[in-house]
Amino acid sequence: MKLSLGFTWLMFVVHLLECNSLKRAFVINNPKILIVIMQQANEPVFPKTYNYTSYEEIIVRSAKLNALTTEMQTAISNVTTLRIQSGWMESINLMDQQSIVQIHNCSTSLVIINPNLNYQTADLAIVYNRLEKLPKHLNVLTNLEKLFLHDNRIEFVAMAEFNGLNKLKLLALQRNKITEIRATLQNPVILPKLEKIFIDNNHLTDINFEHWNTPYLNLIHLHENQLQIALSLPGKLNGLKGVALATNPLNCEWLNSTLKQLKDRKITVYDEHITKCNATGPELKEIVRRVNFKETFATLPLLRHSQFELKEFLQSKLKNLEANIEIRQQRNESLQTNFDKIDIRISELSSKSEKLQTELQTNLLQTTNATSTTDQKLKEMESFFKLQMESLRKSALDITEATDLHLLKSNQSPDQELVEMRQHFERKISKLETDGKNFQAEIQHVLKLLNELQRQQNESPTSSTDSVHGGTFKLDTYVVTFVVLAILFCLYLVKTNFGSIMCAKSDKRKKNRVGEMPLTSIADDTQQYLERQQFDKK
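Calculation notes
- Residues numbered from 1 in each chain as written.
- Predicted model: local features only at pLDDT ≥ 70, side-chain atom pairs only at ≥ 80, totals over all residues.
- Heavy atoms only, no water.
- Phe/Tyr/Trp six-rings, centres within 6.5 Å; stacked < 30°, edge-to-face > 60°.
- Buried < 20%, exposed > 50% of the residue type's maximum accessible area, 1.4 Å probe, protein only.
- Patch = residues over 30% accessible without salt bridge, like charges linked within 9 Å, V, L, I, M, F, W, Y side chains within 5 Å.
- Areas by Shrake-Rupley, 256 points an atom, 1.4 Å probe, with all protein chains shown as cover.
- Salt bridge = Lys/Arg side-chain N within 4 Å of Asp/Glu carboxyl O.
- Helix = DSSP H or I, 4+ residues; strand = E, 2+ residues; numbered from the N terminus.
- Pairing = 2+ DSSP bridges.

Caption draft 1: Structural view of the packing of aromatic side chains. As enumerated under the stated definition, the model contains four aromatic pairs in all. Summarising the aromatic geometry, the rings of Phe 46 and Tyr 52 are spaced 6.2 Å apart at their centres and angled 90 degrees between planes, so their arrangement reads as edge-to-face. Judged by centre distance (4.9 Å) and plane angle (75 degrees), the rings of Tyr 50 and Tyr 52 are edge-to-face. Since its relative accessible area comes to 8%, Tyr 50 is described here as buried. A connected cluster of aromatic rings, assembled from ring pairs, spans Phe 46, Tyr 50, Tyr 52 and Tyr 55.

Structural data, given as structure tokens:
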């Protein structure tokens, strides 16, 4: 015994040394249980700096919380039992890993159950608090076996809200303000494991077990209410073993017949000696009619309850609708702005397209005209150069013939100077013929390129401004190139002719001292040269 006590105190000291940040916590004989006593409202109830992994149960005393949220309970996610005793805590979020949750005397008015979680809760007690209605989504607690909601302010109970609690064995609703407990044909009670129900110390005036599907229900406490009748009792409750009906103003006719049925089925009636009837109350038929009417059209508390829930639902929907309308208005404004921008962009693109189309047509027309003009000019240049070649060739032949004639007439050997001049002219003529052929071939090549360009333009017309300008640039380049070549070639011809004539003039100046005559062409110069030779001989 002393060893056990010493070990307990040792564990207590070690625990205090471990948790300097949680000085209000201490252990009891069971090292798996942690007790937390809150001293101030602004301090965290479960500091995250403390390690809770070794505890299975936490007891909070003197709670000072507005709400125990899910985030506040993340530090105790391994704890399976949570008990909050005394203090003040308006709401609590149930955690899915907790198997036992007990909230006792904390002025709690709201229990939040997340319908998307898989709860392991088997024992739930919200007692001596301020609940005014059943917590929502109770049927999500499919593992629930015991539900304690006694000593609250609940006024109305729709038994169909418990449907789905297929493991529920005990339901405690005593000491509330319940005036109506309803199970109708449209919304029956289906609790296959329910064994005990406590509805005593409320404000019930009637109850009907006609639509209760509870085959294992064996104990019903209905004492200390305002009951005048409990229809279908025992009725279909085949497992019923005990019932408490004392301290109710029951209808005498109904009570006498019901007590006989209970005794025939050997069902215990607790406090039977004080179970009395009210002889001055309404007749049984009137009570039955009233109960059936309530079930058909619902009672005023049910209407109030439904109206309250409907009001909350409509308010929530209205808020969501207003938020959605605002969001849609913002989206519409954004879409309108984008539409205006797109419209402006389309207008700009349309004007640019028209401008590009006009420029394209103009460039195509200019390209066609330039091609035609260039082709015509090249043909004219070709004809001109052909004439010049023929004239040069004729002049050269005339010079040759004149030279030969002069030699024949003089019966003398050809002068070395004349032979050299003849050979010079023959070389010039040969070079001119070669250049003429090359230039003619170049002209034919250019004409071929122009025809090919014209064919490509006809087959696939230019679709962009860049292509049009590119084609025009190439064509203009060809035109300028060949015009320059033509000018150079003309200058070359003029230079060649002028040089030949100047050579001839120089020779004549050496041989003739008499005078000079103007030259008009190569042929005229040769004739004058021959005449001058004859004059010298004479």
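Caption draft 2: Representation of a nonpolar patch on the surface. On the surface, Leu 310, Phe 313 and Leu 314 cluster together into a nonpolar patch covering about 310 Å² of accessible area. Tracing the backbone through its elements, the reader meets Leu 314 in helix H4 (residues 300-410).

Caption draft 3: Quick look at the pairing of strand S4 (residues 81-93). By the bridge criterion, 10 bridges tie strand S3 (residues 57-68) to S4 in an arrangement that is parallel. Residue pairing across strands places Ala 67 opposite Ser 91, the latter belonging to S4. Relative to strand S5 (residues 100-104), S4 runs parallel, the two being bridged by five bridges. Bridging from a neighbouring strand, Ile 84 pairs with Ile 103 of S5. With three bridges connecting them, S4 and strand S6 (residues 110-112) associate as parallel partners. Bridge pairing in S6 links Asn 93 to Ile 112.

Caption draft 4: Representation of unusual backbone geometry in the model. A cis amide bond, omega 5 degrees, links Leu 233 with the succeeding residue Pro 234. Counting through the fold element by element, Pro 234 comes out in the loop between strand S17 (229-231) and strand S18 (242-244). The residue Asn 105 is not glycine, and still its phi comes out positive at about 55 degrees. With respect to the helices and strands, the residue Asn 105 is situated in the loop between S5 and S6. Of the residues examined, Asn 105 reaches a relative accessible area of 41% and is grouped as partly exposed. Although it is not a glycine, Glu 224 sits at a positive phi angle of roughly 55 degrees. The topology assignment puts Glu 224 in the loop between strand S16 (219-221) and S17. Here Glu 224 falls in the partly exposed class, since its relative accessible area comes to 38%.

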